[in-house]
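Inside the fold
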Amino acid sequence: MHVLRPLRPSPKPVRVEITSSRSGLPVPVVNGKSLHSRYDPAAEARKLVADKIAQKPSARIALVLGMGFAYHIEALREALPPSASITVFEPLSEIVSSYASAVGKNIDNVRLWPSPTPQDVVDAVAGVVSPSLINQVLIFAHPPSVELDPPAYQSILAAIQSAIDQIAMSLTTGWGFGFEWIENALRNIRRLPDLPVLAQFTSAVKHPPAAVILGAGPSIDEDWDLIRKAETLKFAVDTVLEPMAHQDITPHLAFLFDSQIENARLVEAVDASRINLAVTLEVHPSVFERSWNNLFVASCDDGVLSWIEKRIGVSAGSVKQGGSVATGAFDCARGLGCPAIYLAGVDLSFSAREVYCRRTAYERRALESSERFHPPEGSLYEMKRERTERKVSGRLTQENMFNYFRWLKDEIGRTAVPVTLLRNAGLLAEIIPSDGSSRISSERYPAGFDPARLGKKFPANSIFTRETVDRATAEIRRGLEVFLHADHFADPDALDRALENSGLSDILAVVVEPPIAVCRYERDKGLPVGPWLEELRDRLGRLAGTILFE
């Protein structure tokens, strides 16, 4: 059992006494109330758990309110699959310390949050519940524990439900953009044999120096001189390329992963012939039409390219995506083995109440003289910002940027090399040091590293041929025709089985798993699910007709 925060005394007096049950097992008595059967607490717990799991047989994640002496937690561990996670919230830390002294038994794959704050609960739920698993969550309230302090447990339950509802809402990302991802990838795939892949870039970086990840947060405006002089690898996100051009700084590698035309417009004013850009097949086709110095194609966990890679046993080079382009750049630097990673402009909050640094594409378009031809992205972004902004530790940010913060926070914790901020700004300032301004200038390219090699033209990759691409496209077409059979859309369980057996899960999961999860989530609430399945089949049919069969 992994205790995730230090114990602290409860605000109200808590008296814990320990008595023995007839079966010989210890039972805590808290403020005069017994938390388990005084006859056989283990048998009582097994029956309680069996009744709960009968109501939720699909459970693979348990969120438990109330620890007691963990008999119900042990019963859950036995009843759930070994890989299932169990997270326990216990507001009375005195119960935790009493358990440690009287029992002290370890239970595998259990996370314990004593005296959790509402934010602790939200973070804990976000750490174990993914969008596709929301229908597999079992919320287990231990009745005698809840009766000790109903308001405290009600606060925890409200935070759990709020977090799960927020995760359920994030399913709309795949539903809203997933068809566009597939469509773009299938339009771009024919260009694949003519382009270099990310593995060619990474193989050219021998004995890598430190790397600086450049985002477009407002704090980077104070660091341009330092960045210009730094002898490090410079990895830039798409939004900061235009401000970098104004500073006459060219990155060694830039990253653009989003599929929308808005993101393609972020780089429309930069000199493509000077830029090495890493993309996935899912980006907007207009990006592929530009004459970049190099356009490196990468794969991610899911998508058309990763599906092809697995089918033919090759690797184009991959990046881990956490919703933000900066997360991909960070993962690339880490994968290269850079001895240190610096972050500049990765604020993830509105430093000084500003959203971006100066001279971004958003600012340029907002200042265009003719409002009649002004694209709507700026206004839409402002509307989004106003509707989703929140404060975290006194910093104004957005819900999506807070999600990126949590991803980076976890990944930085798993990163062996030092990670440093150039400036003490944004959410990451809470967890990593900010002394880069005095250290980055001392970084030097290691002996034998030639940065000029990264500016050359790389040859087209030799692993993807036109024959490979044509065979893959034909196989996707045949697989999709089979998948569209009406019987597969009878209910979410049938659709789940069809996806598993389709051979196209890497491609279709992004658009099929959201309605599966939502259908089960709404079915549990007694809501109709048919319209979701009908709309999915219609949209897949239109995608097949317009892209695969043209």
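Computed from a predicted model, the values in this text were never measured in an experiment. (Residues numbered from 1 in each chain as written. Predicted model: local features only at pLDDT ≥ 70, side-chain atom pairs only at ≥ 80, totals over all residues. Heavy atoms only, no water.)

Focus: the overall build of the protein
Along the backbone of the protein there are 21 helices and 17 strands. Relative to a compact globule of 550 residues, whose C-alpha radius of gyration would be 24 Å, the protein shows 26 Å and is just as compact. Referenced to the eigenvectors of the C-alpha coordinate spread, the extents of the protein come out at roughly 80 × 60 × 50 Å. Classification of the 550 residues of the protein by burial places 53% in the buried group. (Helix = DSSP H or I, 4+ residues; strand = E, 2+ residues; numbered from the N terminus. Rg over C-alpha atoms; globule rule 2.2 N^0.38 Å. Buried < 20%, exposed > 50% of the residue type's maximum accessible area, 1.4 Å probe, protein only.)

Re the sheet that holds strand β7 (residues 110-114)
Taken in spatial order, the 5 strands make up an open sheet running β1-β7-β6-β5-β8, and their pairing is parallel. With partners counted over all chains shown, the strands left at the sheet margins are β1 (2-3) and β8 (137-141), one partner each. Each of β5 (61-65), β6 (85-90) and β7 is contacted by helix α4 (residues 118-128), which is oriented at about 175 degrees to β6, the strand it contacts most. (Pairing = 2+ DSSP bridges. Contact = heavy atoms within 4.5 Å. Axes fitted to C-alpha atoms, helices over the stretch in contact; angles between N-to-C directions.)

Re the packing of aromatic side chains
Throughout the structure, instances matching the rule amount to 9 aromatic pairs. Ring geometry for Phe-201 and Phe-296: centres 5.5 Å apart, planes at 70 degrees, overall edge-to-face. Of the two residues, Phe-201 is situated in helix α7 (residues 198-204) and Phe-296 in strand β13 (residues 294-297); the sequence distance between them amounts to 95 residues. Like Phe-201, the residue Phe-296 is buried in the burial classification. The ring of Phe-140 carries the charged tip of Lys-52 above its face, separated from the ring centre by 6.0 Å. Lying across the ring of Trp-292, Arg-290 places its NZ or CZ 5.1 Å from the centre. (Phe/Tyr/Trp six-rings, centres within 6.5 Å; stacked < 30°, edge-to-face > 60°. Lys NZ or Arg CZ within 6 Å of the ring centre and 35° of its normal.)

Points about the packing of helix α13 (residues 325-336) against helix α16 (residues 399-413)
The contact between α13 and α16 brings their axes to 11 Å, and the two run at 10 degrees. Judged on the interaxial angle alone, α16 and α13 are roughly parallel. Mapping the contact onto sequence places Thr-327, Phe-330 and Arg-334 in α13 and Trp-407, Leu-408, Glu-411 and Ile-412 in α16. For the contact of α13 with α16, the per-class residue count stands at 4 nonpolar, 1 polar and 2 charged. (Parallel < 35°, antiparallel > 145°, perpendicular 65-115°, else oblique. Nonpolar A, V, L, I, M, F, W, Y, C, P; charged D, E, K, R; others polar.)

Concerning the environment of Glu-74
Looking at the element boundaries, Glu-74 is found in helix α2 (residues 71-79). Among all residues touching Glu-74, those that are not within four sequence positions of it are Lys-105 and Ile-107. A polar side-chain atom of Glu-74 sits 2.6 Å from a polar atom in the side chain of Lys-105. (Polar contact = N/O pair within 3.5 Å; in protein donor to acceptor, adjacent residues only side chain to side chain.)

Thoughts on the environment of Arg-390
On the secondary structure map, Arg-390 appears in strand β15 (residues 389-392). Beyond its immediate stretch of four places on either side in the chain, Arg-390 contacts Gln-119, Arg-395, Leu-396, Thr-397, Gln-398, Glu-399 and Phe-402.

Observations concerning α4
Three or more residues of α4 are buried, namely Asp-120, Val-121, Ala-124, Val-125 and Val-128. Seen from one end, α4 has its buried residues packed into an arc of 130 degrees, which puts them on one side. (Arc of directions from axis to C-beta.)

Things to note about the environment of Thr-546
Secondary-structure assignment places Thr-546 in helix α21 (residues 530-548). Residue class for Thr-546 comes out partly exposed when judged on its relative accessible area of 45%.

Regarding the nonpolar core
One broad rule of soluble globular proteins: the nonpolar side chains tend to lie buried together. By size, the foremost hydrophobic cluster in this structure holds 123 residues, and its most contacted members are Phe-235, Val-240, Leu-343, Leu-428, Leu-508, Val-512 and Leu-540. Among residues more than four places away in sequence, those in contact with Leu-508 are Ile-182, Leu-480, Phe-483, Leu-499 and Leu-540. (Core = buried A, V, L, I, M, F, W, Y, C linked by side-chain atoms within 4.5 Å.)

Some points on the sheet that holds strand β12 (residues 276-279)
Overall, parallel pairing links the 7 strands, which are arranged β13-β12-β11-β10-β9-β14-β17 in an open sheet. Of all the strands in the sheet, just β13 and β17 (419-421) have a single pairing partner and so form its edges. If you compare each strand with its neighbour and ignore which way they point, the axes differ by 25 degrees on average. Contacting β9 (211-214), β10 (233-237), β11 (253-256), β14 (341-344) and β17, α13 runs over the sheet at an angle of about 155 degrees to β10.

So, the pattern of salt bridges
Side-chain pairs of opposite charge can arise where the charged atoms are in close proximity. Using the criterion set out here, one finds 18 salt bridges in the structure. Residue Glu-74 pairs with Lys-105 through a salt bridge whose shortest N-O separation is 2.6 Å. Separated by 31 residues along the polypeptide, Glu-74 in helix α2 and Lys-105 in the loop between α3 (93-102) and β7 bring together distant segments of the chain. One salt-bridge network, held together by shared partners, links Asp-331, Arg-334, Glu-411 and Arg-414. (Salt bridge = Lys/Arg side-chain N within 4 Å of Asp/Glu carboxyl O.)

Examining unusual backbone geometry
One non-glycine residue with positive phi stands out, namely Asn-109, at about 55 degrees. If you check the backbone angles, Arg-359 has positive phi at about 75 degrees while not being a glycine. In this structure, Arg-359 sits in the loop between β14 and α14 (361-366).

Overview of helix α19 (residues 492-501)
Along α19, the positions that sit buried rather than exposed are Pro-492, Ala-494, Leu-495, Ala-498 and Leu-499. Buried residues along α19 cover an arc of 155 degrees about the axis, so they all sit on one side. Turned more than 90 degrees away from the buried face of α19 sit Arg-497, Glu-500 and Asn-501, all of them exposed. The backbone nitrogen of Asp-493 lies 2.9 Å from a side-chain oxygen of the residue at the head of α19, namely Asp-491. Among the residues trailing α19, Gly-503 stands out with phi positive, at a value near 75 degrees.

Focus on the pairing of strand β2 (residues 16-20)
The pairing of β2 with strand β3 (residues 26-30) spans 5 bridges and is classified as antiparallel. Note that in β3 the partner of Glu-17 across the bridge is Val-29. Linking β2 back to β3 in an antiparallel pair, the connection comprises 5 residues, with Gly-24 at a positive phi of about 90 degrees.

Here's the deal with the side chain of Glu-94
Mapped onto the fold, Glu-94 is located in helix α3. Residue Glu-94 is classed as buried on the basis of its relative accessible area, which comes to 19%. Residues contacting Glu-94, with those up to four places away along its chain left out, are Pro-9, Ser-10, Val-14 and Val-16.

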